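Geometric and topological summary
The primary structure of each chain is shown beneath.
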Amino acid sequence: MPPRRIVLSALLLLASPLFAAGDNHLVRGNFLEPESLDPHASRGVEASNILRDLYEGLTRTGPGGEILPGVAREWRQGEEGREWTFVLRDDAAWSDGSRVTANDFVFALRRALSPATASPFADNLAVIANGADVLAGNKPPEALGVEAIAANELRIRLEQPVPYLLSLLAHHSAYPVKEAALEQHGSQFTRPGNHITNGAYRLRTWAVNERIILERNPHYWDAENVAIDTVEYLPIDDEEAEFNRFRAGEIDITQTIPLRRYESIRKEMPDALRVTPYLSTYFYGFNLAREPFRDAPKLRRALSLVIDREILAEKVLGAGEQPAYALNPPGINDYSAPRPDYADWTMAKRIAEAQRLYRESGYSDDRPLEIELRFNTGDNHRRVALAVSSMWRKHLGVQTRLAHEEWKVFLQNRRQGEVTQVFRAAWVGDFNDPITFLQLLEGSYPLNDYSYDDDVYDALLAEAATTSNAQRRASLLKKAEARMLEAQPLLPLYYYVSKHLVQPRVGGWQDNIMDHHATRDLFLRDLPMETRSRP
Amino acid sequence: MKRYILMRIATAIPTLWLLITVAFFLVRFAPGGPFDFDRALPPEIEANLLARYNLDAPLWQQYVTYLGDILQGDLGPSFQYRDYTVNELIAAGLPVSMLLGGLAMLLAIVVGILAGSFAALHRHRWPDHTVMALAMTGISVPNFVVAPLLILAFAIHLDWVPAGGWHDASPVYLVMPVITLALPLIAYIARLTRSSLLEVLHSDFIRTARAKGLSAATVVRRHALKPALLPVVSYLGPAAAGVMTGSVVIEQIFGIPGVGRFFVQGALNRDYTLVLGVVIFYGALVIAFNLLVDLLYAMLDPRVRYR
């Protein structure tokens, strides 16, 4: 603590509880207040960070992003990957001491898919037999393909082979919930005291918009390997404020960093800065249902060719982002995204080809393409839009009008597709599999904002979905992605990175593409508070 | 007096109803809805959600249901914070906002009156000019400009106070938000006090007091200040409203978990019930404050009596 602050604190007669937090107490910046601590109701990253500490699914993500056994100790597949049997740990327990059984998962999965729950991620779980019908209300939740064969044995039947099932089951939408707590407390079941969870931690305090404090769950099956006693999540959506509090030693792990400080942080606090590729892509979408991009693959390709993604990633963004040529980011399990031919061309060759395609599409200096580029209001999005539009103008003479809108207005316009031409988009993978990205462009997929509708693409995805051979599946998906990239319904720009500041006293941190960092995998080195880093 | 209070409460009801109605339809006409997300919800899930919150009913029907719920004191569930009702959220933020607003008001009244009296007693000399120049600045510079400047100076350069946040109402976290919130009020109260005190000091009864041989300080303290403060008192109603609207910005900048922050987040998330709840709550509060001020006025000024 700086001496000046001590003096002032004394002057104000402060007992300052914050600076005297317990030794084995971890403080994490967490962007926003979570919308819910009900695993079937929550949606955002903020909630999933906290839920990861509170709950444990059949599987869990390990410190390196790998899938590890969770409540399930082992599993086996039958019927060509359409039937899975999970054997649960006998010592898996809820925070009230009761045992976690297969029935808890049957209850939870039925609840997750029940229309009454309206769980935002339920569509991912619709791969379970009858899942889609249950979700649509055509069949009762009891029809779902999950059953408890014994107290410690759960069987899940699937509509088709799902090679990423273990990843899916580690997601918070597949966590178990305690039926008795729900029945007793109803909508109040997530409050401290009522909340019964089966993870390494349990809820101690929830002060809305202020802090959430979790404490070690003594009944957790692996409690002896949990090092940190208490963890505190702070909703701080102002990255500058979060950074200042990190610098003052009040926060151990930040959710992000202020972008404009990236360079100085890199120089002054290199040990604390963690920048890692993230399962997320930033791109522009074309509205294929409207002019001028309807039936104009050459024009779309021309616009893609002239974008210098290296400059975009290094100069315009410059915080470790990677140039993107495909929709799927690097680092996905058993998959490498296709690389379009032009990615390895020189810029001069790309520009010449682009100009040719541009002219073939009927545009010229006298009759330039006039388009509108729409994005949601934000400093970064504006900078990217400015850079891209100036590349278009410089090399092709395209006249771009930049239109930015408040987030929800933008989302509505993008979804309706009545006014959009080129628009900003991004996607974060729900789980580590290429399908979470590729299904975006399926003709019938409700989140397809591009009006891309290609039978061959859909057929490739459908074929991949019924294949239990991992290699064959990957090659089918790769073929689909390559085909889609050639048609260019979207324009990949860059791959996101996750950015955190982590105090040197925090041990056990491993960078990973999922950006999952469960508190149970961390520990605190025995450093007195005074030695915390201060640039 | 009792009749007067009842009358005022009776006229407040149509005002509130009008506020609710206008706010209800305004938030609905904003583009985008509570369940529009980047990872858009599949249609069947969105339909389930809309049904769950009665948003699939015709708008007039939702309006009628909503009015009915309000009559029972129920502001509905929050769409964004699914584990809480709007009543619970406002109750959670209220003590924080009250503390912040109360301290800001107190600071504004004390400093404003002192500064205003000081300026009046040194009329047309440099202390007067300094105070009035500062007051003019305080009124004209908005708090969203003042706040980052204060953070830069006192939190980052001098490192005296935290840049933001909140911890069990610990005073270090209160200093800057309270000052930022109070600044425009201090300025306004100082100007009011000055002009009103000057006017009073020129009236006959003050001349009489002086003629009796009372000292200048006693004249001000015992005779001039009380009538001079009447305009300040009548300003307290609007000031309370100013503190509330100001706290919307301040709570957002300093990351304070008060009611104002829910208003901003509610608006951004199209959390209809939360936005409406806060609007209604603030509206009711402003009406109540104004009533209170009018009653206080009657106590201070014997010429004012209500029939």
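Residues numbered from 1 in each chain as written. Chains lettered and ligands numbered in written order. Predicted model: local features only at pLDDT ≥ 70, side-chain atom pairs only at ≥ 80, totals over all residues. Heavy atoms only, no water.

All right, on to the overall build of chain B then. A count of helical and extended segments in chain B gives twelve helices and zero strands. Written out in order from the N terminus, the α and β elements of chain B read α-α-α-α-α-α-α-α-α-α-α-α. Its C-alpha atoms give chain B principal-axis dimensions of about 85 × 55 × 30 Å. Counting every position in chain B, which comprises 307 residues, the buried fraction comes to 50%. Within chain B, contacts between residues at least 6 apart in sequence are counted, and of these 72% link residues at least 24 apart. A total accessible area of about 14,600 Å² is found for chain B, and carbon and sulfur atoms account for 71% of it. (Helix = DSSP H or I, 4+ residues; strand = E, 2+ residues; numbered from the N terminus. Buried < 20%, exposed > 50% of the residue type's maximum accessible area, 1.4 Å probe, protein only. Contact = heavy atoms within 4.5 Å. Areas by Shrake-Rupley, 256 points an atom, 1.4 Å probe, with all protein chains shown as cover.)

All names here are of chain A. In this structure, the second largest pocket encloses a volume near 680 Å³. What lines the second largest pocket is a set of 27 residues, among which Val127, Gln160, Gln439, Glu442 and Tyr445 lie closest to the centre. The set of elements that each furnish at least two residues to the lining of the second largest pocket consists of helix H4 (122-125), helix H5 (131-135), helix H16 (455-465) and helix H17 (470-487). Broken down by class, the residue content of the lining of the second largest pocket amounts to 18 nonpolar, four polar and five charged. (1 Å grid on protein atoms, 1.4 Å probe; cavity = no way out; pocket = protein on both sides within 12 Å on 5 of 7 lines; lining within 4 Å. Points joined across faces, edges and corners; volume = space filled by probe spheres on them. Nonpolar A, V, L, I, M, F, W, Y, C, P; charged D, E, K, R; others polar.)

Now for the confidence of the model for chain A. All names here are of chain A. Averaged over every residue, the pLDDT of chain A is 91; the share at 70 or more is 94%. Within the model, pLDDT remains below 50 along residues 1-21, and this stretch shows 27 contacts once partners closer than five positions in the same chain are excluded. Every residue in residues 529-535 is under pLDDT 50, and counting partners more than four places away or in other chains gives 14 contacts. (pLDDT = per-residue confidence, 0-100.)

Our next topic: the nonpolar core. In terms of nonpolar packing, the biggest core is built from 176 residues, with A:Phe86, A:Ile156, A:Tyr284, A:Trp392 and A:Leu493 touching the most fellow members. With near-sequence residues (within four places) excluded, A:Ile156 lies in contact with A:Leu58, A:Arg82, A:Glu83, A:Trp84, A:Phe86, A:Leu109, A:Ile128, A:Gly145, A:Val146 and A:Leu169. Listed in part, the 36 residues of the second largest apolar core include B:Val161, B:Leu174, B:Ile189 and B:Leu236. (Core = buried A, V, L, I, M, F, W, Y, C linked by side-chain atoms within 4.5 Å.)

Let's shift gears to the pattern of salt bridges. Residue and element names in this part refer to chain A. One pass over the structure, following the stated rule, counts 48 salt bridges over all chains. Between Glu232 and Arg211 there is a salt bridge, and its shortest N-O distance comes to 2.2 Å. Placement of the pair is Glu232 in strand E10 (residues 230-234) and Arg211 in strand E9 (residues 211-216), with a sequence separation of 21 residues. With respect to class, Glu232 is no different from Arg211; both count as buried. Residue Arg274 is joined to Asp511 by a salt bridge in which the shortest nitrogen-to-oxygen separation is 3.4 Å. Of the two residues, Arg274 sits in strand E11 (residues 273-286) while Asp511 sits in the loop between strand E17 (506-507) and strand E18 (523-524), which places them 237 residues apart along the sequence. Arg274 sits in the partly exposed class, given a relative accessible area of 25%. One continuous salt-bridge network, built from bridges that share partners, spans Glu56, Arg60, Asp222, Arg520 and Asp521. (Salt bridge = Lys/Arg side-chain N within 4 Å of Asp/Glu carboxyl O.)

Attention shifts here to the side chain of A:Ser280. Residues and elements named next belong to chain A. With respect to the element layout, Ser280 can be found in strand E11. Of note is the side chain of Ser280, whose polar atom sits 3.0 Å from the backbone oxygen of Trp427. Setting aside residues no more than four positions away along its own chain, Ser280 makes contact with Pro329, Trp427, Val428, Phe437, Tyr495 and Tyr496. (Polar contact = N/O pair within 3.5 Å; in protein donor to acceptor, adjacent residues only side chain to side chain.)

This paragraph deals with empty space enclosed by the protein. By the definition in use, this model includes eight cavities of 30 Å³ or more. Estimated volume of the largest cavity: approximately 160 Å³. What lines the largest cavity is a set of 19 residues, and nearest its centre among them are A:Pro235, A:Ile236, A:Arg245, B:Gly165 and B:Gly255. Of all the secondary-structure elements, those providing two or more residues to the lining of the largest cavity are helix H8 (239-247) of chain A together with helix H10 (230-254) of chain B. Of the residues forming the lining of the largest cavity, the biggest block, three residues, is contributed by H10(B).

The next thing to look at is the sheet that holds strand E7 (residues 153-157) of chain A. Paired through their backbone hydrogen bonds, the strands of a sheet run either parallel or antiparallel. All names here are of chain A. One open sheet holds the four strands; their spatial order is E4-E5-E7-E6, and the pairing between them is antiparallel. With partners counted over all chains shown, the strands left at the sheet margins are strand E4 (72-78) and strand E6 (146-150), one partner each. Going across the sheet, the axis of each strand differs from the next one's by a mean of 25 degrees, ignoring polarity. (Pairing = 2+ DSSP bridges. Axes fitted to C-alpha atoms, helices over the stretch in contact; angles between N-to-C directions.)

With that settled, consider the packing of aromatic side chains. Applying the stated criterion to the full structure yields 30 aromatic pairs over all chains. Seen from their ring centres, A:Tyr55 and A:Tyr175 are 5.7 Å apart, and the 20 degrees between their planes marks the pair as stacked. One end of the pair, A:Tyr55, is in the loop between helix H2 (45-54) and strand E2 (59-61); the other, A:Tyr175, is in the loop between helix H6 (165-169) and helix H7 (179-185), and 120 residues separate them in sequence. A:Tyr175 matches A:Tyr55 in its accessibility class, with the two residues each being buried. Feature note: the residues B:Phe24, B:Phe25, B:Phe29, B:Tyr63 and B:Tyr66 constitute an aromatic cluster, connected by ring pairs. One cation-aromatic arrangement involves A:Arg89 over A:Trp221; the distance from NZ or CZ to the ring centre is 3.5 Å. It is A:Lys349 that lies over the ring of A:Trp345; its NZ or CZ is 4.3 Å from the centre. (Phe/Tyr/Trp six-rings, centres within 6.5 Å; stacked < 30°, edge-to-face > 60°. Lys NZ or Arg CZ within 6 Å of the ring centre and 35° of its normal.)

Turning to the interface of chain A and chain B, a few remarks are in order. Each partner contributes residues to the interface: chain A has 57 residues there, and chain B has 51 residues. Regarding the contact of chain A and chain B, the summed buried area is about 4,900 Å², with carbon and sulfur atoms giving 51% of it. One can count eight salt bridges joining chain A with chain B. Across the salt bridge formed by B:Arg39 and A:Asp123, the nearest N and O atoms sit 3.4 Å from each other. Mapped onto the side of chain A that touches chain B, the elements with two or more residues apiece are helix H1 (3-11), H4, H8, helix H14 (407-416) and strand E15 (422-428) of chain A. Counting residues per element, the side of chain A that touches chain B draws most heavily on H14(A), at seven residues. (Buried area = accessible area lost by both parts, 1.4 Å probe.)

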